[in-house]
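Listed here are the chains, written in short residue letters.
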Amino acid sequence: MEQLSEGLQYFGTCLRFLDRHIAYHDIKAYLQDALDQLLLAHDMNFHVDTRTFLANYFRLVKKGTHTVFREYDYVVLTNHNRISFLSSIRKSYQSFRHQDVTADEFFSLLRLLCPDFPRFLVTRAFKTIRTEETESQHCAFDQLLTALAFHVYFEKFVSSLFSKLSTRVEDISTPPADSCSNQCCSVGTQTVITEPLSPSLDHPSDGMFETEKFKQAISDLCADQGCASPSQYLVCSCALRFFKEPIVNIYHFFKALIGERTLWTETGLDRICVDD
């Protein structure tokens, strides 16, 4: 009986380890998508071999080429998917690395790899690397890709920060005239309006916030363990640089984070976003 008890205890430990392993590597998410794709393939071709299909699916996942031509929801399904997609952009457009492109040109290139890639992420990336000293509508492709990598990988962090900084509440009976271009959600009888989906590249006050509000937002985000974000040390050390200014340009804060090599090594994006 004692041996049986020890065996069951060991088996339970193995199961808990397996559960953690499955959760850590997002295996359930991949299995669900693989089954969905398999059913779709069966609808299109009755002679699909299940074992071959699943083996090929996970071979592509391991290789990192599985996100190309997939919908954006799949691109951001897991961190591995985000990294794989960003790596695919770099590999696909290697010849553009040292060329200047406009935001629209860059967006068009992304849409060739992901048909529903959201424009607002390109807008955020462009604003992050663009400086006030230049009126040029062009940016270096490599720099734009680096900024995009930040906004794709840390999309939840950035959106949460924008929400804490710029969310305002208005009566639902008087919606803003441009509400169709904003991200909205209903809260009782009120509507919360957050950052526009496609803000103008030239809006003079876009991204400018009072320092005290910025401090509070950073403090709240660092306390929110549920929000995937850069390390607290990096966030706080970069944020401190702006605490003495009366007004903070949030895109300058993003640019400061992007300039930290540690950010890329922590995420595994250093091979994409750090110059050789």
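As annotated in an unreviewed UniProt entry, the protein carries the name Centriolar satellite-associated tubulin polyglutamylase complex regulator 1 and comes from Clonorchis sinensis. Under the UniProt heading Sequence similarities (unreviewed entry), the entry covering the protein gives this text: "Belongs to the CSTPP1 family." In its Function (unreviewed entry) section, the UniProt entry covering the protein states "Regulator of the tubulin polyglutamylase complex (TPGC) that controls cytoskeletal organization, nuclear shape, and cilium disassembly by balancing microtubule and actin assembly. Regulates the assembly and stability of the TPGC and thereby modulates polyglutamylation of the microtubule, which antagonizes MAP4 binding."

Glancing now at the overall build of the protein. The secondary structure content of the protein amounts to 14 helices and seven strands. Scored against the burial criterion, the 276 residues of the protein give a buried share of 41%. The long-range share in the protein, meaning contacts at least 24 apart out of those at least 6 apart in sequence, stands at 64%. About 16,000 Å² of surface is accessible on the protein, with carbon and sulfur atoms providing 56% of the total.

Before going further, it helps to spend a moment on unusual backbone geometry. A negative phi angle characterises most non-glycine residues, just as the trans form characterises most peptide bonds. Of note, F69 is a non-glycine position whose phi angle comes to about 70°, a positive value. Take F69: it is sitting in the loop between α3 (50-63) and α4 (72-75). With relative accessibility at 60%, the residue F69 sits in the exposed group.

Okay, the nonpolar core next. Judged by nonpolar contacts, the single largest core of 63 residues is most densely connected at I89, F117, L148, F150, I250 and F253. Broken down by element, this core gets its largest block of residues, nine residues, from helix α8 (residues 141-153). When residues no more than four places from it in sequence are discounted, the contact partners of L148 are L86, I89, F106, L110, F117, L121, V122 and A125. Y30, A34, V61 and Y74 belong to the second-largest nonpolar core, a separate cluster that totals five residues.

Bringing helix α9 (residues 155-166) into the picture now. Look at α9: 16 Å from first C-alpha to last across twelve residues, which is about the 16 Å you get at 1.5 Å a residue. Within the span of α9, buried status applies to E155, F157, V158, L161, F162 and L165. Axial view of α9: buried residues confined to an arc of 165°, hence all on one face.

Glancing now at the packing of helix α2 (residues 27-44) against α3. At a closest axis distance of 10 Å, the pairing of α2 and α3 adopts a crossing angle of 135°. Put simply, α2 runs oblique to α3. α3 is crossed by α2, and the crossing has right-handed handedness. Each of Y30, L31, D33, A34, Q37, L38, A41 and H42 in α2 lies in contact with α3, whose residues at this interface are T50, F53, L54, Y57, F58 and V61. Tallied by class, the residues present in the contact of α2 with α3 amount to ten nonpolar, three polar and one charged.

With that settled, consider the side chain of T146. Take T146: it is sitting in helix α8. We classify T146 as buried; its relative accessible area is 14%. In this view, T146 contacts I258, W264 and C273; residues no more than four positions away in its chain are not counted.

The subject of this paragraph is the environment of F96. Within the fold, F96 resides in the loop between α5 (79-92) and β1 (100-102). For F96, a relative accessible area of 25% corresponds to the partly exposed category. Ignoring sequence-local partners within four residues, the contact set of F96 consists of V101, L109 and F141.

So, on to the packing of aromatic side chains. Within this structure, the stated rule accounts for 17 aromatic pairs. Judged by centre distance (5.1 Å) and plane angle (80°), the ring pair of Y57 and F58 falls under edge-to-face. Taken together, a centroid distance of 5.0 Å and an interplanar angle of 75° make the contact between Y153 and F154 edge-to-face. This pair shows no difference in class: Y153 is buried, exactly as F154 is. Through a chain of ring-to-ring contacts, three or more aromatic side chains come together here, namely F150, Y153, F154, F162, F214, F242, F243, Y251, F253 and F254. Cation over ring: R70 sits above Y74, and NZ or CZ is 3.8 Å from the ring centre. The side chain of K215 reaches across the aromatic face of F243, ending 5.2 Å from its centre.

Rules and cut-offs
- Residues numbered from 1 in each chain as written.
- Predicted model: local features only at pLDDT ≥ 70, side-chain atom pairs only at ≥ 80, totals over all residues.
- Heavy atoms only, no water.
- UniProt positions renumbered as here; feature names shortened; annotations may be inferred.
- Helix = DSSP H or I, 4+ residues; strand = E, 2+ residues; numbered from the N terminus.
- Buried < 20%, exposed > 50% of the residue type's maximum accessible area, 1.4 Å probe, protein only.
- Contact = heavy atoms within 4.5 Å.
- Areas by Shrake-Rupley, 256 points an atom, 1.4 Å probe, with all protein chains shown as cover.
- Core = buried A, V, L, I, M, F, W, Y, C linked by side-chain atoms within 4.5 Å.
- Expected span 1.5 Å × (residues − 1).
- Arc of directions from axis to C-beta.
- Axes fitted to C-alpha atoms, helices over the stretch in contact; angles between N-to-C directions.
- Parallel < 35°, antiparallel > 145°, perpendicular 65-115°, else oblique.
- Left-handed = near helix turned anticlockwise from the far one by under 90°.
- Nonpolar A, V, L, I, M, F, W, Y, C, P; charged D, E, K, R; others polar.
- Phe/Tyr/Trp six-rings, centres within 6.5 Å; stacked < 30°, edge-to-face > 60°.
- Lys NZ or Arg CZ within 6 Å of the ring centre and 35° of its normal.

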